[in-house]
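One letter stands for each residue in the lines below.
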Amino acid sequence: MAEDKSKRDSIGLNAKEGQTNNGFVQNEDILETDLDPSSPAAGPQHNTVDILGPGEPDVKDVRPYAGMPKEVLFQFSGQARYRIPREVLFWLTVASVLLLIAATIAIIAISPKCLDWWQAGPMYQIYPRSFRDSNKDGDGDLKGIQDKLDYITTLNIKTVWITSFYKSSLKDFRHAVEDFREIDPIFGTMKDFENLVAAIHDKGLKLIIDFIPNHTSDKHAWFQWSRNRTGKYTDYYIWHDCNYENGTTIPPNNWLSVYGNSSWHFDEVRKQCYFHQFMKEQPDLNFRNPDVQEEIKEIIQFWLSKGVDGFSFNALQYLLEAKHLRDEAQVNKTQIPDTVTHYSQLHHDFTTTQVGMHDIVRSFRQTMNQYSREPGRYRFMGTEAHGESITETMVYYGLPFIQEADFPFNSYLSKLDKPSGNSVSEVITSWLENMPEGKWPNWMTGGPDNVRLTSRLGEKYVNIMNMLVFTLPGTPITYYGEEIGMRNILAANLNENYDTGTLFSKSPMQWDNSSNAGFSEGNHTWLPTGSDYHTVNVDVQKTQPRSALKLYQELSLLHANELLLSRGWFCYLKNDNHSIMYTRELDGINKVFLMVLNFGESSLLNLKEMISNIPTRVRIRLSTNSAYSGREVDTHAVTLASGEGLILEYNTGNLLHRQTAFKDRCFVSNRACYSRVLNILYSLC
């Protein structure tokens, strides 16, 4: 029996020396061939597969099986029933890959440029000495800003903008910088700054800082070396021979300082006069010296390497002066020259916006571009150009193929002192009509060098101005305290040298109704707090449903969540001495926002006369009077109180920017359309 079993299990050889391989058989039934029962081969024997010699294998009566030799495998693979499905699957895979590539390219090609971080939400400007005092010395500091980042996030802010904090003397609001790479001890240490940068980024925010490259302090090491004619520093500043007799300087020309009187000051050490556009403690750097430009480039790189996300460059129009030193023309040519002492009495053709100045500004941009290559780490560049015309300001946007600032800061609304629909409309249209195509606007209602909004226009206009900047196209910019309606403080006596015209808008932030308005736990503050801090403060307003702070938060949230406000068309409808009206709309979205802002006396408006396809009743999305939000109004008769603003919402398929009558009254920075089906934006509208 054992012998028979052994026979059955052995590998049998046929006449052609083929063999049966059972080692790979998983299911013997698959391998068996239906045999004639009368055949001698019928019985318990296993089938055998011949391994042929050099000839082709004979697989006519054999099915595929595991472990078949490659000669047999190739024979099967050539059969139509195996080859055709394989080829079909191959070409389907190729077609799918090509289709995905084509779809990806098409989506990229038709997609509008994504909004960058400096476009996506509001900026919040902080004067650090007045925001929050963390060490009880009466001066705000960097740690104080870090302590209040949670509050800033509740405002839906995207970017924190901190004004000058460099080591400096108490001259011209700390703009006389002694060392551009050091933090002034009043504000803390470099470690405090690094911690602040990390905390800001942890909150998902960005940080930009002030930088004024035009001048330094006369205590700066560069100036000390320059006045002593030390090496390359000899020409770091603008020196010129002048006469100095009996304590009186006879300057080289009639050029005047921004603060009045001659812009030349005699230096006892070097025995020459140096030039200063501002105070005599702020000598101007010589930007015609390549070494100076390289120094400034290295300072920019220093702060970018610290994690700063961008700069606000100030006083750029003063970077260069004419080399010929000719006198500037008087505004009043009949005025006696010796009596011309005020800056406004001269035409500053030789001391501002000289040829080559914008080349220097572009070099700043190029330096920042080196740090903008990582995804999500674009470095923002803004410029402040106070006192320049709208045409000169627009040049800071750059040329079509030469990048300069992302935007020059728009402070025109910050200077309005008489609210009216006409004056507000003039600011809006002036900027949008002069701005180069494809550029991005911005809007500021205040700043450290301007009278506060409440003190300029009145308390009732705080909400309507915040509604304005959050519903216009572009980036809204808020100066600290404007979200709660802080006002200028009254005059105060200080031992420091300030332009008192801009001092009173820098009072301590009003956090609560405790001592020092919650700004400091110390015994004093560097400036007195506002007299109204008991009622105008963050703690009080965050619990009041109709407060300025609550409306500000609702506006910023609406701006963040609505494509109409971040990407939509702006269509200007009407303005008069009282009111201004405009819409925000986007192709692909039937919803429209209609803004009606009243800067004059109480008014009754018939919106049906202005927009023929507007429904009879529309919903109030937001109102400066929160009691009205969510209600409906009859568009035949909309009543607005003085200082009241409405954001009305309605549906329509006939958008204004498509209508011929409004063709020249609609604006969009980067055109985009919305697809409801794909839930994407595309540019081929």
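To start, this report covers the structure provided alongside it. Not measured: the values here are computed from a predicted model. (Residues numbered from 1 in each chain as written. Predicted model: local features only at pLDDT ≥ 70, side-chain atom pairs only at ≥ 80, totals over all residues. Heavy atoms only, no water.)

A word on the packing of aromatic side chains
All chains considered together, the criterion is met by 45 aromatic pairs. Taking 5.2 Å as the distance between ring centres and 85° as the angle between the ring planes, the aromatic pair formed by Phe180 and Phe211 counts as edge-to-face. Here Phe211 lies in strand S5 (residues 206–211) and Phe180 lies in strand S4 (residues 176–183), a separation of 31 residues in the sequence. Note on Phe211 and Phe313: the rings are 5.8 Å apart at their centroids and 55° apart in plane angle, and the pair reads as tilted. With Phe211 in strand S5 and Phe313 in strand S11 (residues 310–314), this pair connects stretches of sequence that are 102 residues apart. The exposure class assigned to Phe313 is buried, which follows from its relative accessible area of 0%. The cationic tip of Arg181 hangs over the ring face of Phe302; the distance from NZ or CZ to the ring centre is 5.9 Å. Above the face of the Tyr127 ring, Lys506 is positioned so that its terminal group lies 5.5 Å from the ring centre. (Phe/Tyr/Trp six-rings, centres within 6.5 Å; stacked < 30°, edge-to-face > 60°. Helix = DSSP H or I, 4+ residues; strand = E, 2+ residues; numbered from the N terminus. Buried < 20%, exposed > 50% of the residue type's maximum accessible area, 1.4 Å probe, protein only. Lys NZ or Arg CZ within 6 Å of the ring centre and 35° of its normal.)

With respect to the packing of helix H10 (residues 290–305) against helix H11 (residues 357–369)
Running from N to C, H10 and H11 point in directions that differ by 35°, and their axes come no closer than 10 Å. At the point where H10 passes H11, the crossing takes the right-handed sense. Residues Gln293, Ile296, Lys297, Ile300, Gln301 and Leu304 of H10 lie in contact with H11, whose contacting residues are Ile360, Phe364, Thr367 and Met368. Partitioning the contact of H10 with H11 into residue classes produces 6 nonpolar, 3 polar and 1 charged. (Axes fitted to C-alpha atoms, helices over the stretch in contact; angles between N-to-C directions. Left-handed = near helix turned anticlockwise from the far one by under 90°. Contact = heavy atoms within 4.5 Å. Nonpolar A, V, L, I, M, F, W, Y, C, P; charged D, E, K, R; others polar.)

Some remarks on the sheet that holds strand S9 (residues 264–267)
Taking strand neighbours across the sheet as the criterion, the 3 strands line up as S6-S10-S9 in an open arrangement whose pairing is antiparallel. Of all strands in the sheet, those with a lone pairing partner are strand S6 (239–240) and S9, marking the two edges. Relative to strand S10 (residues 272–275), S6 runs antiparallel, the two sharing 2 bridges. If you follow His240 over to S10, its bridge partner there is Cys273. (Pairing = 2+ DSSP bridges.)

Digging into the pattern of salt bridges
One pass over the structure, following the stated rule, counts 26 salt bridges. Between Glu268 and Lys271 there is a salt bridge, and its shortest N-O distance comes to 3.3 Å. The exposure class assigned to Lys271 is partly exposed, which follows from its relative accessible area of 49%. Between Asp309 and Arg377 there is a salt bridge; the shortest N-O distance is 3.5 Å. Of this pair, Asp309 sits in the loop between H10 and S11 while Arg377 sits in the loop between H11 and strand S12 (380–384), placing them 68 residues apart in sequence. The exposure class of Arg377 is partly exposed, given its relative accessible area of 22%. One continuous salt-bridge network, built from bridges that share partners, spans Glu562, Lys591, Arg619, Arg621 and Glu649. (Salt bridge = Lys/Arg side-chain N within 4 Å of Asp/Glu carboxyl O.)

What about the side chain of Ser414?
Along the chain, Ser414 falls in the loop between strand S15 (407–408) and helix H13 (421–434). Relative accessible area serves as the criterion here: at 1%, Ser414 is assigned to the buried category. In terms of polar contacts, Ser414 uses its side chain to reach the backbone carbonyl oxygen of Met444, at 3.1 Å. (Polar contact = N/O pair within 3.5 Å; in protein donor to acceptor, adjacent residues only side chain to side chain.)

Focus: the state of the cysteines
Counted under the stated rule, the structure contains 2 disulfides. The disulfide bridge from Cys242 ends at Cys273, spanning 2.0 Å between sulfur atoms. Judged by the torsion about the S-S bond (85°), the Cys242/Cys273 disulfide is right-handed. Within this pair, whereas Cys242 is found in the loop between S6 and strand S7 (243–245), its partner Cys273 is found in strand S10, the two being separated by 31 residues in sequence. Here Cys242 matches Cys273 in class, with each residue buried. The disulfide partner of Cys571 is Cys666, and the S-S distance across this bridge is 2.0 Å. (Disulfide = S-S within 2.5 Å.)

Observations concerning the environment of Phe667
Examined against the element boundaries, Phe667 turns out to sit in strand S26 (residues 666–667). Separated by 235 residues in the primary sequence, Phe667 and Leu432 have C-alpha atoms spaced 7.6 Å apart. The residues touching Phe667, leaving out its near neighbours within four places in the chain, are Leu432, Met435, Pro441, Pro473, Gly568, Trp569 and Phe570.

Considerations on the layout of surface pockets
Here the second largest pocket defines a volume of roughly 850 Å³. In terms of lining residues, the second largest pocket is bounded by 33 residues, among which Val258, Phe278, Tyr318, His386 and Asp449 are the most central. For the lining of the second largest pocket, a count of residues per class yields 10 nonpolar, 14 polar and 9 charged. (1 Å grid on protein atoms, 1.4 Å probe; cavity = no way out; pocket = protein on both sides within 12 Å on 5 of 7 lines; lining within 4 Å. Points joined across faces, edges and corners; volume = space filled by probe spheres on them.)

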